[in-house]
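Commentary on secondary and tertiary structure
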Amino acid sequence: MWLLLALLQAAVLPARPCEAPAEAAVAVRALGARLLGLAMEPGPDADPGIYVGLRLGSDHDLSTEQRYLQRLQDAFQGRYGRSPHAASSPSHGHRHRNTNSMPETGRLALYLLGLRATCPPPDPAPQRFPVTWLKYYLEKDWAGTRHHGHPLTSYYQYGLGVLALCVHHKRVREEVIQRLLVAEKHQRFGHADGNTVDTEAVVALAFACLKKEKHIRARLAAELRAAVRRARARLVEAQSADGLIGNAFSTPMAMQVFIATDTCRTQPAYGRAMAALLQHLDSFTSAATMAQALLALNGRSYLGIASMQCQEELDTLTPVFLEPLPPGPRNMTVRLVVECPVPRCPQQLLYDSPVPAPAGASLLDLLRAAPPQGSQNFTFETQDTAYGPFLTSVQGMAVRPKEQHYWQLLSGLGTSLQMGVADYRPEDGNTVILRLSKW
């Protein structure tokens, strides 16, 4: 197993108060090496969440991180290299973001967090327009509440946007803060898999950051402190007997709240969550989820980026690449079923077919390989999130947040897979059900 590769043995740094215990150092370092290997693979646009995970690690490959940052800057400055007002005007030969498109609140927030975590700090001038765009997105995103009862993207992305502005020490209007406070007080953080943990956590991080800002009035700061305490208590209540807070993938974000509020040593739930996270490391197979896990394992939080000081960093991390599958016939067949038990669906069973795929393929690979059924091709769409791709449409049936619908991933026995489409890897003979469900 790659987590136990002997080549990754290294001297252990002095422990930070909230990081994984010393006996887990080899496994944590191996996870970082695997993330580094995935970051070096050619692919589509770089993911800012992966860069944040690399930057907040205990060890680094600084040249690779610099190249990855350049990929990010090439992608984001191309989209956000001028103001929203200028982008709404006709341009000639320039690739800029369309102001009418769906807000990229979460990705842009992560990009700004990544820039703040960079050492030495990049030139601040090019950051001006991305910050302006993020403020614009927060307003556009909130306009969705008038039609859907929640932001156009999600409360998670909205909270992450507010957090990124605060980490950059940019003034956040009180009206924007109150929007999140009201949503937190009335527990409106519904999430597509029924799990509100990650949203509770990221909003609590935003509140914990804002209450320290100098421009925040004393009364508002008191409201923010109370909201952080309530959120932290709900996270403790959400912890199951196995130590996970929500599920394996929401647990690292929940742990960030205890790290950021300096309660990781006094709150027993944190120790139980760390132990559970270490037991579930093999669940983190995509780069996006590895990056999230590494933050908690290294005792770091997004909020800590605000006070990062550039200093000498270890530059000894080497990448690990997964070995290719051995040659020979290693195929599998998985039954893929698509159910649509809601009134607007033309029929309840939209697809039911065996899908051949290479052994070890992810569910996302399986969807790409799904053959036509009759005269209809199999179609699906995804949206990038901090946890990897999120299924938004199958066979032309798109999720409608206003109706609180989402595509649920189930096993053949009807149990939730608790993984995303890029993380779950079915085995030969398995059945996977995609069901349009209500949260």
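Because the structure is predicted, anything quoted here is derived from the model rather than measured.

Criteria and thresholds
- Residues numbered from 1 in each chain as written.
- Predicted model: local features only at pLDDT ≥ 70, side-chain atom pairs only at ≥ 80, totals over all residues.
- Heavy atoms only, no water.
- Helix = DSSP H or I, 4+ residues; strand = E, 2+ residues; numbered from the N terminus.
- Buried < 20%, exposed > 50% of the residue type's maximum accessible area, 1.4 Å probe, protein only.
- Contact = heavy atoms within 4.5 Å.
- Expected span 1.5 Å × (residues − 1).
- Arc of directions from axis to C-beta.
- Pairing = 2+ DSSP bridges.
- Axes fitted to C-alpha atoms, helices over the stretch in contact; angles between N-to-C directions.
- Parallel < 35°, antiparallel > 145°, perpendicular 65-115°, else oblique.
- Left-handed = near helix turned anticlockwise from the far one by under 90°.
- Nonpolar A, V, L, I, M, F, W, Y, C, P; charged D, E, K, R; others polar.
- Phe/Tyr/Trp six-rings, centres within 6.5 Å; stacked < 30°, edge-to-face > 60°.
- Lys NZ or Arg CZ within 6 Å of the ring centre and 35° of its normal.
- Disulfide = S-S within 2.5 Å.

A word on the side chain of Ser437. Secondary-structure assignment places Ser437 in strand β7 (residues 431–438). Assessed through its relative accessible area of 10%, Ser437 is described here as buried. Excluding residues that lie within four positions of it along the chain, Ser437 makes contacts with Gln404, His405, Tyr406 and Gln408.

Attention shifts here to helix α13 (residues 268–279). In a regular helix each residue adds 1.5 Å, so 12 residues correspond to 16 Å; α13 covers 17 Å between its end C-alpha atoms and thus fits that length. Taken together, the buried positions of α13 are Ala269, Tyr270, Ala273, Met274, Ala276 and Leu277. Down the axis of α13, the smallest arc covering the buried residues is 165°, so these residues share one side. Exposed side of α13, more than 90 degrees from the buried face: Pro268 and Gln279 are the residues found there. Residues of α13 that are buried make contact with α11 (218–237), α12 (251–260) and α14 (287–297).

Another aspect to go through is the pairing of strand β1 (residues 331–339). Across nine bridges, the pairing between β1 and strand β2 (residues 349–358) is antiparallel. Opposite Val338, over in β2, you have Tyr351 as the bridge partner.

The interhelical angle for the contact between α12 and α14, taken along N-to-C directions, is 30°, at an axis separation of 9 Å. Judged by the inter-axis angle, α12 sits roughly parallel to α14. In this structure, α12 crosses over α14, and the sense of that crossing is left-handed. Here Pro252, Met253, Met255, Gln256 and Ile259 of α12 come into contact with α14, specifically with Gln292, Ala293, Leu295 and Ala296. Considered class by class, the residues forming the contact of α12 with α14 number seven nonpolar, two polar and no charged.

The next subject is the packing of aromatic side chains. All chains considered together, the criterion is met by 14 aromatic pairs. Arranged with centres 4.3 Å apart and planes meeting at 5°, the rings of Phe76 and Tyr111 form a pair that is stacked. One end of the pair, Phe76, is in helix α3 (residues 62–80); the other, Tyr111, is in helix α5 (residues 105–116), and 35 residues separate them in sequence. Each of the two residues, Phe76 as well as Tyr111, counts as buried. Judged by centre distance (6.1 Å) and plane angle (90°), the rings of Tyr80 and Tyr137 are edge-to-face. Taken as a pair, Tyr80 in helix α3 and Tyr137 in helix α6 (residues 128–143) lie far apart in primary sequence, 57 residues in all. The same class applies to Tyr80 as to Tyr137, namely buried. An aromatic cluster is present here, built from Phe76, Tyr80, Tyr111, Trp133, Tyr136 and Tyr137 joined pairwise through their rings. Stacked on the ring of Phe76, the Lys or Arg Arg79 has its end atom at 5.6 Å from the ring centre.

It is worth spelling out the state of the cysteines at this point. One pass over the structure, following the stated rule, counts four disulfides. The connectivity of the disulfide bonds within the protein chain can be written as 1-5, 2-6, 3-4, 7-8, using the sequence rank of each bonded cysteine.

A separate point is the pairing of β7. Of all eight residues in β7, six are buried; the element is thus mostly enclosed. Bridging between strand β6 (residues 405–411) and β7 involves seven bridges; their strand directions are antiparallel. Bridge pairing in β7 places Leu409 opposite Leu434.

Between helix α1 (residues 25–40) and helix α2 (residues 48–55), whose axes approach to 10 Å, the crossing angle comes to 140°. In terms of orientation, α1 lies oblique with respect to α2. Relative to α2, α1 is oriented so that their crossing is left-handed. Where α1 abuts α2, its residues Leu35, Leu36 and Ala39 lie against Ile50, Gly53 and Leu54. Considered class by class, the residues forming the contact of α1 with α2 number five nonpolar, one polar and no charged.

What follows deals with the environment of Leu31. With respect to the element layout, Leu31 can be found in helix α1. Expressed as a C-alpha distance, the spacing of Leu31 and Leu294, which sit 263 residues apart in the sequence, is 7.5 Å.

Take the sheet that holds strand β5 (residues 397–398) next. Sheet architecture is open: three strands sit in the order β3-β4-β5, paired in antiparallel fashion. The open sheet has two edge strands, β3 (380–385) and β5, and neither has a second partner. Across two bridges, strand β4 (residues 388–394) lies against β5 in antiparallel orientation. Residue pairing across strands places Ser393 opposite Ala398, the latter belonging to β5.

Geometric descriptors of this kind do not, in isolation, establish any biological role.
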